[in-house]
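Given next are the chains, with one letter for each unit.
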Amino acid sequence: MIKSIKTFDLKEKRVLVRVDFNVPIENDKVVDDFRIRAALPTIQFCLNAGANVILMSHLGRPKGEIVPEMSLIPVGESLADLLEMPIKFSADCVSEDAHDVSLGLYSGEVHLLENLRFYVAEMQNDPDFSTKLAKHGQVYINDAFGTAHRSHASNVGVTRNFTHKGMGFLIEKELQYLSSAVKNPRRPLTVILGGAKIDTKLDLIHNFIGKADHILIGGGMAFTFLQAQGKDVGNSLVDPARLNTAKKVMARARGKSKLVFPKDIVCAESMKNRHSTGVYNAGKIPDKLMGLDIGPESINRFSQIIRESGTILWNGPMGVFEVNGFHKGTLAVAQDMAEVTGSGTTTIIGGGDSAAAVNKFGLMKKVTHVSTGGGASLELLSGNTLPAIYSLEI
Ligand code: AMP
């Protein structure tokens, strides 16, 4: 059993919370505070319960070095603004000074620790390091979904030091939508997949064959399937090592889940020379061209299925949405999902680039759930156990 934060008596307790404050920073300012906001319900709950809160997070990949650009100081400033109160900050997450600050906290105070990954011991899940981290708190709460697929000191090792441990509201919400909602979906259940890398999504497809009514495949990964069907995909992205697997997936899905591929594709000469050369039949892309977005006929077909769905799970853009002119397929899926959410469909965005796309199009608040974790959501949706969540079991 994993305890929810709601079940703890936190009054006057030091609560050590692993959060995911891995946010983009430019010129010492947080430019997107989505992940900080996502942790607020847990932090506010602790404060309202009369706890004192110690927050720890990683930021970027400093690889065990102290990299000033990856300091959590700008995050602390943004957090203090959001909480509308001053917070304490320690420039080292495991120093004696930092421990003293945690031990001296009063109820309702917040102490943010410097970037965990300034120590290589964090990623090595070093037991001495996790014991030092554990010294900060009496209760441990993990709310960092974005790193839950990693076994690090702050989310796995540290849990061995606590009898009082559990999950925060963000992890609880992620599990509710990425696990429960897709296990017992309101039908029909549609899974929409895209993006460039087919290999990271094959386990997910396998997991949903027989569970999903429709699996729509767009983006660069569609071309490996189209080529495996004997179609001409020109110079489009194909993973030759996965052609056989793609064939097997299509054979396995027969009669269990309907796989739907794009019928038409917007092409360009290359990624570098990316002026659209027009829309082509997905099976007859000229040799020298490469497919960079799904075409209008595919958009209509995908839209029709989205409108008939009870639950939709989306992971991966339909095209190179970052480039104007090849964003239309991804925009259409995002808009359709936002629209059907209004009429009662559960719409879930599985993190990573599709979350970035929905954010770019300003539709974040119009879908049911946007996951904060790319890799973690893919692992969970592939049916795998996340080590950091498993470690919270009591
Ligand atoms: P992934 O990390 O596998 O989800 O891939 C996301 C990336 O896939 C985005 O940056 C898109 O620009 C890219 N992408 C989507 N469609 C295509 C395509 N048809 N060809 C090449 N890259 C694509």
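Residues numbered from 1 in each chain as written. Predicted model: local features only at pLDDT ≥ 70, side-chain atom pairs only at ≥ 80, totals over all residues. Heavy atoms only, no water.

### Concerning the domain arrangement of the protein chain
At step 1: Taken as a whole, the protein chain is organised into domain 1 (5-173) and domain 2 (185-381).
At step 2: A separation of 35 Å is found between the C-alpha centroids of domain 1 and domain 2.
At step 3: Taken together, the contact between domain 1 and domain 2 spans 11 residues of the former and 12 residues of the latter.
At step 4: Carbon and sulfur atoms make up 69% of the area that domain 1 and domain 2 hide from each other, which totals about 850 Å².
At step 5: On inspection of domain 1 and its partner domain 2, the count reaches two residue pairs in polar contact (both at pLDDT 80 or more).
At step 6: Within the residue set of the side of domain 1 that touches domain 2, elements represented by two or more residues are α1 (34-48) and α6 (169-183). (Domains from an automatic or database assignment. Contact = heavy atoms within 4.5 Å. Buried area = accessible area lost by both parts, 1.4 Å probe. Polar contact = N/O pair within 3.5 Å; in protein donor to acceptor, adjacent residues only side chain to side chain. Helix = DSSP H or I, 4+ residues; strand = E, 2+ residues; numbered from the N terminus.)

### Describing the site of the ligand
At step 1: The local shell around the ligand holds 15 residues, among which A196, K197, K201, G291 and E322 are the closest.
At step 2: For the ligand, an oxygen atom lies 2.8 Å from a polar atom in the backbone of K197.
At step 3: G220 has a polar backbone atom sitting 3.2 Å from a nitrogen atom of the ligand.
At step 4: Alone, the ligand offers 510 Å² of accessible surface; in the complex the protein occludes 87% of this.
At step 5: Classifying every residue of the shell around the ligand by side-chain character gives six nonpolar, five polar and four charged. (Near = heavy atom within 4 Å. Areas by Shrake-Rupley, 256 points an atom, 1.4 Å probe, with all protein chains shown as cover. Nonpolar A, V, L, I, M, F, W, Y, C, P; charged D, E, K, R; others polar.)

### Points about the sheet that holds strand β17 (residues 311-315)
At step 1: Pairing is parallel in the open sheet, where six strands are placed in the order β12-β10-β9-β17-β18-β19. Since the sheet does not close on itself, it has two edges, and those belong to β12 (258-260) and β19 (369-370), each with one partner.
At step 2: In the sheet, strand β10 (residues 214-217) pairs with β12 via three bridges, with the strands oriented parallel. Bridge assignment links H214 to a residue of β12, and that residue is K258. (Pairing = 2+ DSSP bridges.)

### A few points about the pattern of salt bridges
At step 1: Summed over the entire model, instances satisfying the criterion amount to nine salt bridges.
At step 2: For E122, the salt bridge identified is with R18, shortest N-O distance 3.8 Å. Here E122, found in helix α4 (residues 120-123), pairs with R18, found in strand β1 (residues 14-18); they are 104 residues apart in sequence, far enough to count as distant.
At step 3: Residue R37 is joined to D33 by a salt bridge in which the shortest nitrogen-to-oxygen separation is 3.0 Å.
At step 4: Relative accessible area serves as the criterion here: at 47%, R37 is assigned to the partly exposed category. (Salt bridge = Lys/Arg side-chain N within 4 Å of Asp/Glu carboxyl O. Buried < 20%, exposed > 50% of the residue type's maximum accessible area, 1.4 Å probe, protein only.)

### Digging into the sheet that holds strand β13 (residues 264-268)
At step 1: The strand order across the open sheet formed by three strands is β14-β13-β16, and the pairing between neighbours is antiparallel. If you trace the sheet from one side to the other, it starts and ends with β14 (276-281) and β16 (290-294), each paired once. Averaged over all pairs of adjacent strands, the angle between their axes in this sheet comes to 40 degrees, without regard to strand direction.
At step 2: Sheet analysis places β13 next to β16, joined by four bridges and oriented antiparallel. The residue bridging A268 from the neighbouring strand is M290, located in β16.
At step 3: Sheet strands in contact with helix α10 (residues 296-307) are β13, β14 and β16, and its direction is about 40 degrees off that of β16. (Axes fitted to C-alpha atoms, helices over the stretch in contact; angles between N-to-C directions.)

### Side note on the layout of surface pockets
At step 1: The computed volume of the second largest pocket comes to approximately 460 Å³.
At step 2: Lining the second largest pocket are 16 residues, with F34, A38, K173, K365 and V370 sitting closest to its centre.
At step 3: For the lining of the second largest pocket, the secondary structure elements donating two or more residues are α1, α6 and β19.
At step 4: With four residues, α1 is the single largest residue contributor to the lining of the second largest pocket.
At step 5: For the lining of the second largest pocket, a count of residues per class yields eight nonpolar, four polar and four charged.
At step 6: For the lining of the second largest pocket, the two domains that each supply at least three residues are domain 1 (5-173) and domain 2 (185-381). (1 Å grid on protein atoms, 1.4 Å probe; cavity = no way out; pocket = protein on both sides within 12 Å on 5 of 7 lines; lining within 4 Å. Points joined across faces, edges and corners; volume = space filled by probe spheres on them.)

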